Structure formats: C-alpha cells, structure tokens
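A look at the structure
Each chain, written out:
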Amino acid sequence: MTGSAPKSVTGAAPEVPRASQTPVATWAPAAPASPAATRTPSVTPLIPGPPGPLLPYPRRPQDPDERIRGWYENDLGWATVPGTPVRLIAGRRFDVLDVPAAAGHAALRRLAPGRAPVAVRGQRMWLLVAAGSAEELPGVLRWLEWGGLPLDIAAIGAGGTIEAPLPPGPPGAGLAGQGVGVRGPNPWGPDARRPEGPAQGAAVWLRPPGAGCEVEASLPTLSELSAPPTPGATGGAPDLVRLVDTVATECHRVRLRRAGAQPLAFS
C-alpha cells in the first residue's frame, strides 16, 4: 500500500459566529434643548382688583316731609324747624301777618298786583312781609287809628313759626274754589304726582314764592315809604302802611258783617 503523502492539514481557525446584523443602539449625550423648550410656563397670580359695580339697593321712597323741607331749605334758603310737620321759622327772612281769609282776599283785590308770597290755611290767610314788620305792627295800627278796635290781626315775627305750606305743584293742582292754581317746579320729582288736593286744613300757597333766594325784594316794608321808585318797575310790593290799612279796613268790615248777622238778644 503505497502510502500517500499525508495531506497537510492547515490549522484553520475556528469560525467565530458573526455578530448579529441588528444595529445596536449606542448611547450618546443628548443635545441641549433650546431655552424656549425648557422655559417654565408662567402663571399669572390672581390678584384681587377693585370691586366692580354692584347693583344698587332698591331706593326707599323719600318721606314727603323731607321733600317739602328740601324745597324750602335748598331752593329758597328758608330755615325750618326739625320735626313733623315741617314748620318755617319767621323773623329771619320774613314776618307774617295772620288775618281772616275773607278779609285777606278782599284786601288783595283792592291792592295793586304784587309778588309778595301769600298762603291760606283754613279760614286764615298769611301775608308775608319784611322781617321786623311784626314789631312795627302795633305802632302802625295806632298811627292809622285802628289800635282801639278788635281787628283779628296777628303778627308772627322773631321766635315764631308757621306750618310750611305745600310746595307748588303742576298747573291745576291748587285749592279748588278759591282760584288757586299755583305753578312751579314739582318738588315731588319730575315723574311723581303731587297728592290729589291739599289735606283738610293744610296750608297751601295762594301766591307762592318765586324760585331763588331773593324773596326780600318782594315783601312789603316800611322802607318803601322813603325809597325812590325804581324806573320801569311794575307790580312792586305795597308799603307796609298801605297793606296794614287795607287789611284793617277789610277786617273791620268782616267783623261788622258778622255782628249784623247775629240775631238780637231780645228777638
């Protein structure tokens, strides 16, 4: 047997298993994020602000006495006495001649038209005159030779008060039967209605005071005797002497009529 030359067997390295073809993820440091991405969201704190407008409470109807008081104090500048009913203080802006209403109406018809305020309350009339006239009345009556007769004329001056007449209302809201239809701003409010007619015995304006605080210029006073007439003036106030004399004459006539209407004692 012929021996064949032994094949040289080269030592081949053992086959190493091949790595998996699946890519292996490798770690790498992440890129820095942009500042906008890393910014913390801002949160606006809730800070209480000023309170918003609140619904008003229902308005309570104003007391009629307070409306009357406001008209005299704010529109005319006349002082009032605290309390109810509203009363006006005499002796500051004006004095008052308190006379029978029948005599007062007759006197006003005889006198020239004027602007001095006049009010009525029941069977009495109040003629507003200049402050200080109440002190002059007794002397004026004596000078006119009316001092010894019971004329039923009273004067209200410093320290006295009168019931505040109802402020003037819409046209036609006056005292029925006496030709009273006072006109003027409605003190009850532009949309309010004045009470229907005056209450029984309540004082009302027969000739209301004008708007503003210049009532003194329209009041009868003793100074009218010596004051020169104002050019072009019409319807001015009569002087106090003429007013007192006219009122005293009508008061005397009313007293005589009442005396004549009484039955005789022996009849």
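First, a word on what this report is: a plain description of the structure on this page. (Residues numbered from 1 in each chain as written. Predicted model: local features only at pLDDT ≥ 70, side-chain atom pairs only at ≥ 80, totals over all residues. Heavy atoms only, no water.)

What follows is about the overall build of the protein chain. A tally of regular secondary structure across the protein chain gives 5 helices and 8 strands. Taken from the N to the C terminus, the helices and strands of the protein chain come in the order α-α-β-β-β-α-β-β-α-β-β-β-α. Classification of the 267 residues of the protein chain by burial places 34% in the buried group. Of all intrachain contacts in the protein chain linking residues separated by at least 6 positions in sequence, the fraction that spans at least 24 positions is 71%. Of the roughly 18,300 Å² of accessible surface on the protein chain, 58% is carried by carbon and sulfur atoms. (Helix = DSSP H or I, 4+ residues; strand = E, 2+ residues; numbered from the N terminus. Buried < 20%, exposed > 50% of the residue type's maximum accessible area, 1.4 Å probe, protein only. Contact = heavy atoms within 4.5 Å. Areas by Shrake-Rupley, 256 points an atom, 1.4 Å probe, with all protein chains shown as cover.)

On to the pairing of strand E3 (residues 95–100). Most of E3 is tucked away, with 6 of its 6 residues classed as buried. Bridge count for E3 against strand E5 (residues 124–129) is 6 bridges, and the pairing is antiparallel. By the bridge assignment, Asp98 is partnered in E5 with Trp126. (Pairing = 2+ DSSP bridges.)

Turning to unusual backbone geometry, a few remarks are in order. The omega torsion across Thr84 and Pro85 is -5°, close enough to zero to call that bond cis. Mapped onto the elements of the fold, Pro85 is located in the loop between strand E1 (80–81) and strand E2 (87–89). The phi torsion at Glu145 lies on the positive side, around 65°, for a residue other than glycine. Of note in this structure, Asp152 is not a glycine but carries a positive phi near 60°.

This next bit is on the sheet that holds E1. The pairing of strands in a sheet comes from backbone hydrogen bonds and takes either a parallel or an antiparallel form. One open sheet holds the 3 strands; their spatial order is E1-E2-E7, and the pairing between them is antiparallel. The sheet terminates laterally at E1 and strand E7 (161–163), the two strands that pair on one side only. Taken together, the 2 bridges between E1 and E2 define a ladder with antiparallel strand orientation. Counted as the bridge partner of Val81 is Arg87 from E2.

Before going further, it helps to examine the pattern of salt bridges. For the structure shown, the criterion picks out 8 salt bridges. The salt bridge involving Glu216 is made with Arg93; its shortest N-O contact spans 2.4 Å. With Glu216 in the loop between strand E8 (204–207) and helix H5 (240–261) and Arg93 in the loop between E2 and E3, this residue pair connects regions lying 123 residues apart in the sequence. Here the salt bridges share partners, and the residues they tie into one network are Asp98, Arg124 and Asp152. (Salt bridge = Lys/Arg side-chain N within 4 Å of Asp/Glu carboxyl O.)

The next point concerns helix H4 (residues 133–143). What H4 keeps buried is the set Ser133, Ala134, Leu137, Val140 and Leu141. The arc that holds every buried residue of H4, seen down its axis, measures 95°, which confines them to one face. Of the exposed residues in H4, the ones pointing more than 90 degrees away from its buried face are Glu135, Arg142 and Trp143. Glu145 sits one or two positions beyond H4 and adopts a positive phi of about 65°. (Arc of directions from axis to C-beta.)

Attention now moves to the environment of Gly157. On the secondary structure map, Gly157 appears in the loop between strand E6 (154–156) and E7. Once residues lying within four places of it in the same chain are set aside, the contact partners of Gly157 are Ala90, Gly91, Asp95 and Ala134.

You can see Asp95 is positioned in strand E3. The buried charged residue Asp95 lacks any salt bridge, with Arg92 as its nearest oppositely charged partner at 9.8 Å. In terms of polar contacts, Asp95 uses its side chain to reach the backbone amide nitrogen of Ser133, at 3.0 Å. (Lys, Arg positive; Asp, Glu negative; His and termini not counted. Polar contact = N/O pair within 3.5 Å; in protein donor to acceptor, adjacent residues only side chain to side chain.)

With that out of the way, let us pick up the sheet that holds E8. What the 5 strands build is an open sheet, ordered E6-E3-E5-E4-E8; its pairing is antiparallel. Looking at the sheet topology across the chains shown, the edges are occupied by E6 and E8. Strand-to-strand twist across the sheet, computed as the mean angle between neighbouring axes with direction ignored, equals 30°. Two strands pair when backbone bridges link them, and strand E4 (residues 118–121) and E5 are joined in this way by 4 bridges, in the antiparallel orientation. Counted as the bridge partner of Val120 is Met125 from E5. Contacts between H4 and the sheet are confined to E3, E5 and E6, with E6 contributing the most and set at about 155° to the helix. (Axes fitted to C-alpha atoms, helices over the stretch in contact; angles between N-to-C directions.)

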